[in-house]
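Residue-level structural notes
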Amino acid sequence: MKLLSTLAISAYSISLSFLTIVSPVHAASQGETNTGTNILSDGFSSVEGQLENEKVDFYNFSNFDPGKLFTVEVNSQSFDPLLGQLDSFGNIIAINDDQSDNNVLPILTGEIPASGSLNFAVSGLRDINLKGNHFESGLYTLSLKTFALPSSSTNSTLVNGGFETGNFNGWTTLGSTNIETTTFGSGPTQGNSQALLSTGGATFNDSILEKFLALEDESLNSLGKGQVTQGSAIQQTFTAKAGDILSFDWDFLTNEVLPPITFSDFSFVSISSQDNSVSSLLALADVTDTTSEFSLTDFFQETGFKTFSFKLPTTGTYTLGLGVLDVGDSDIDSGLLIDNFKLTSVPESTSGLSLLGFSTLVLLKFRRKIYPK
Ligand SMILES: [Ca+2]
Ligand SMILES: [Ca+2]
Ligand SMILES: [Ca+2]
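Here's a quick rundown of the structure. (Residues numbered from 1 in each chain as written. Chains lettered and ligands numbered in written order. Predicted model: local features only at pLDDT ≥ 70, side-chain atom pairs only at ≥ 80, totals over all residues. Heavy atoms only, no water.)

1. Some points on the overall build of the protein chain
- Secondary structure assignment for the protein chain yields four helices and 23 strands.
- Burial statistics for the protein chain: of 373 residues in total, 51% are counted as buried.
- Looking at the protein chain alone, contacts between residues at least 24 apart form 76% of all its contacts between residues at least 6 apart.
- For the protein chain, the exposed area adds up to about 16700 Å²; of that, 51% sits on carbon and sulfur atoms. (Helix = DSSP H or I, 4+ residues; strand = E, 2+ residues; numbered from the N terminus. Buried < 20%, exposed > 50% of the residue type's maximum accessible area, 1.4 Å probe, protein only. Contact = heavy atoms within 4.5 Å. Areas by Shrake-Rupley, 256 points an atom, 1.4 Å probe, with all protein chains shown as cover.)

And the structure:
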């Protein structure tokens, strides 16, 4: 309700050579709906607009809670839009033309700044400098959603590890995440459902993902794959016993075709324990690992499914995170299929032997990295 009473939206349009205010400044007050502006519920607003060719429409949304996250997107049936975010001085902060490799509608995400206000520009395709260099026109809807950074509760054990509920029950997600079936073209490895994380769609930048997964600042860049731009992640917090083996199946997919190797999108896993005895972040695969296999999915290439396993050293609460990231730029999507998450209890006396039964090389490599000291 706070949003209803304080949200203010203003809109104006700029042509190539001069500034014209094409619609009066909107100031939404409680219980009032301005023409074309719908403040539907707490955290969600939408504005109907009409773009003219060689023009750019600007919007200001204010009085939001700083630190909350936002997703803003433009939908149009009649033209190919582009979306920009500007700072309070009018400098371009972010531009998106197409939200994914197979969707030309734009989407932007981020954190609401200290000012509590957000500035957006709607233009036509390829007008990346917001100068009105386009010949697109027609009706569109600008939709803005704000929400708090999702946080997870602790499950008594790992739940919904195969996504057979058909949703993310038990998990917490941030970004572009979907449940997929066999029609996707690869997997699942267990049951009928699996999860797909993607770098296309409503993805978030690395610092927001690090906050979401309780990782240190810059830790995703520190994996050495290049400058991370955006991605998606899921996590689950659960309790486990000492010696339990956590395992899951994963398949990294990408449309990135080498070269250039600078855009080495990759996927990762993070495991941490509440007692800090485990604090681990590992790359699962990057684009260089996918060249050998042609994919039957929407992606060009994939690694094929592999199994990751990890022995949990102590009884306690663990948080498991997984993600897929764009590197270098925000173009050309990559994805991560995951399924069959399991906690396997192993009797203490046989745990060493059983451990070797899992993908030994992978496990030894990970253990070395996990216990660096
Ligand atoms: Ca577009
Ligand atoms: Ca499954
Ligand atoms: Ca990419």
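2. Quick look at the environment of leucine 174
- The residue leucine 174 is located in strand E13 (residues 172-174) in this model.
- Expressed as a C-alpha distance, the spacing of leucine 174 and phenylalanine 212, which sit 38 residues apart in the sequence, is 7.7 Å.
- For leucine 174, the contacting residues outside a window of four places in its chain are Leu69, Phe147, Leu149, Pro150, Phe204, Ile208, Leu209, Phe212, Ser232 and Ala233.

3. Describing the coordination of the calcium ion (ligand 3)
- Within the protein, Glu256 (OE), Asp265 (OD), Asp265 (OD), Asp326 (OD), Asp331 (O) and Ile332 (O) serve as the donor atoms for the calcium ion (ligand 3), at 2.3 to 2.8 Å.
- Around the calcium ion (ligand 3) sit six donor atoms; with metal-centred angles ranging over 49 to 173°, the donor geometry is irregular.
- For the calcium ion (ligand 3), the single-chain donor residues occur in sequence as E-x8-D-x60-D-x4-D-I.
- The exposure class of aspartate 331 is partly exposed, given its relative accessible area of 49%.
- Taking relative accessible area as the criterion, isoleucine 332 reaches 33% and is therefore assigned partly exposed. (Donors = N, O, S within 2.8 Å, 3.2 Å for Na, K, Ca; no water. Tetrahedral: all angles 85-135°; square planar, octahedral: opposite > 155°, others 65-115°.)

4. Some words on the environment of arginine 126
- Here arginine 126 lies in the loop between strand E10 (118-124) and strand E11 (138-147).
- For arginine 126, a relative accessible area of 66% translates into the label exposed.
- As for arginine 126 and proline 81, which are separated by 45 residues in sequence, their C-alpha atoms are 8.7 Å apart.

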